[in-house]
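# Understanding the architecture of this molecule
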Amino acid sequence: MDELAGQSVTVIGSGIGGLSAACYLADAGADVTVLERNEQLGGRLSRLYRDGFTFDMGPSWYLMPDVFDGFYEDFGYETEDFYELTHLDPHYAVFFEDGDYVEIQPDVDQVRGLFEYYENGAGDALAAYLEESKRTYEVGMEDFVYTDRSRLRDWIDPDLIKARDLKIRGTMQEHVESYFDHPKLQQLMQYTLVFLGGSPTNTPALYNLMSHVDFNLGVWYPDGGLGSVVDALVEIGSELGVEYHVNAEATAIRGRRGGFAVDVERPGRDHPSPLADAPTDAPPQITAGIDGPPRPTAAAADGGTAATVPTDIVVGNANLAHIDQELLPEEKRAYGASYWEDRTYAPSAYMLYLGVKGDLPELDQHTLLLPTDWTEHFDSIFETKRWPQNPSIYLSIPSKTDDAVAPEGHHAVVILVPIAPGLDDGQTARSAFRKKVFDGIVDYTGVELRDRIVVEESFAVSGFDGRYHSYDGSALGMAHTLMQTALFRPNHRYPGVDGLYAVGASTNPGIGVPMTLIGGEIVADKIIEDTT
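To keep things clear, this report deals only with the structure shown in the data block. (Residues numbered from 1 in each chain as written. Predicted model: local features only at pLDDT ≥ 70, side-chain atom pairs only at ≥ 80, totals over all residues. Heavy atoms only, no water.)

Here we come to the sheet that holds strand β7 (residues 101-104). Sheet architecture is open: seven strands sit in the order β7-β6-β17-β18-β19-β16-β20, paired in mixed fashion. This sheet does not close on itself; its edge strands, each paired only once, are β7 and β20 (453-459). Between one strand axis and the next, the sheet turns by 20 degrees as a mean value, whatever way the strands run. Here strand β6 (residues 92-96) runs beside strand β17 (residues 366-370); their pairing, made up of four bridges, is parallel. If you follow Ala93 over to β17, its bridge partner there is Thr367. (Pairing = 2+ DSSP bridges. Helix = DSSP H or I, 4+ residues; strand = E, 2+ residues; numbered from the N terminus. Axes fitted to C-alpha atoms, helices over the stretch in contact; angles between N-to-C directions.)

Rendered as structure tokens:
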């Protein structure tokens, strides 16, 4: 493929969408440079190394393996060429506030039995729900995900007749209630909405497809954690000639197609590097990036280097609000400050990265702690904008499967609690919430972690803002509400600036590692279409 031979492309940001786009663009013959402001590639899939522990700083669920398989096949590889996958058994465990404990097994018949235990007829209802979810997934992936429909005219398509009976209108809460009465079953069918950055009452019923992802396609773990996906994309890109730069922050975008100039500087750092204790045999995510801006042309004020990179095409994988409001000159900003202020954003997160001494037999690799009434928690995120009083809590323990991420006799534990974006997360607020979280873990599970911690790092709203330029410190970007889905989401072609494109969680198909991986292919196709 040489459709883009002779074209230079600069990708700003190295999240999964940017890395994916870089691979497809280089495969089409473009000369591709990726600029990453942080010290490692991968965006929110960064790794944190501390005293022999390795933590995925962001996503920890490997879902939709078919999407990853398809990506690797596009470049002549198989998933197994990069990492081994373990099908988790159980997929995850749930502690309910009243003391109930359930495990979601890979065998759907066992899950049907669990549902029947809680509600007569719920086993058959689950089978019917999953049948609908599977069809929604298959039609949705073909006609709404891989086929981008970000313009009104894209919806005038006779192929869409097969989607006419999909549950597009109504909320997930209404949809799930039509199948199940028991509140615990409703929670089990809707906890995945966190992956979409939404709540049961603001997420369209179309996203019932997530239950097919959860129950039918399964929950997996890639050897080495989610960072192994970054390693794989970087390896493929390097083979195709992509040039990666870390500690290289784009500070301005000027010009248009065929004549862009991207200003780049080495950013200052006011926090310890996640790589302070990285091993000498670090993976490609850490080693592939050239340190600093390309072709430095001037000394920066902080003593680093600065550069102006000429390029034909720019792909923005940095936060789109940051590109729109900070990198472009005012006269070229298509959206405006009020647009971003009025969006509904996915939650931020309060996160703890813990090295814990001893075994944790009571907990699984993925463990959810769900309150009897989680309405207060969702309201605290989307309505009242305050720290939750009775939070849902998620624990990830990859060392249950992967011995390499923790020293012998220890576990690597990540705790995540969704919280409202924009919260003040100063030390006083964090300390108070830390106690609430650990007390909650004891109340739900009986497990006391505090006296066994040998490593502890925290990350929250200000971290997502400072590290990723995420709007209001959202962990995921724009939520998948009805009016922020498909053509209501920002376009891959940035309006009014020919040759500037966007990819990532705030464009289509949306939030999540598989979705942004697909987004890279979509934006590359648009660039090829516009250039040839």
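Once the structure has been displayed, the description carries forward.
Of all hydrophobic cores here, the largest spans 108 residues; its most connected members are Leu25, Val32, Tyr72, Phe115 and Phe180. With nine residues, the top contributor of residues to this core is helix α15 (residues 513-531). Apart from residues no more than four positions distant in its own chain, Leu25 is found in contact with Leu4, Val9, Ala30, Val32, Val315, Ala524 and Ile527. The next biggest cluster of nonpolar side chains, apart from the first, holds 27 residues, and it includes Leu363, Ile393, Ile397 and Ala420. (Core = buried A, V, L, I, M, F, W, Y, C linked by side-chain atoms within 4.5 Å. Buried < 20%, exposed > 50% of the residue type's maximum accessible area, 1.4 Å probe, protein only. Contact = heavy atoms within 4.5 Å.)

The next thing to look at is a negative patch on the surface. A grouping of Glu73, Asp74, Glu78, Glu80, Asp81, Glu84 and Asp223 is seen on the molecular surface, where their side chains present a negatively charged patch. Structurally, Glu73 is set in helix α2 (residues 65-74). (Patch = residues over 30% accessible without salt bridge, like charges linked within 9 Å, V, L, I, M, F, W, Y side chains within 5 Å. Areas by Shrake-Rupley, 256 points an atom, 1.4 Å probe, with all protein chains shown as cover. Salt bridge = Lys/Arg side-chain N within 4 Å of Asp/Glu carboxyl O. Lys, Arg positive; Asp, Glu negative; His and termini not counted. Charge placed at Lys NZ, Arg CZ, Asp CG, Glu CD.)

Moving on to the side chain of Thr507. If you trace the backbone, Thr507 turns up in the loop between β21 (500-502) and α15. Excluding anything up to four places from it in sequence, Thr507 contacts Leu320, Arg489, Pro490, Asn491, His492 and Ala502.

Helix α7 (residues 209-217) sits mainly inside the fold: seven of its nine residues count as buried. Positive backbone phi, approximately 95 degrees, marks Gly218, located one or two places after α7.

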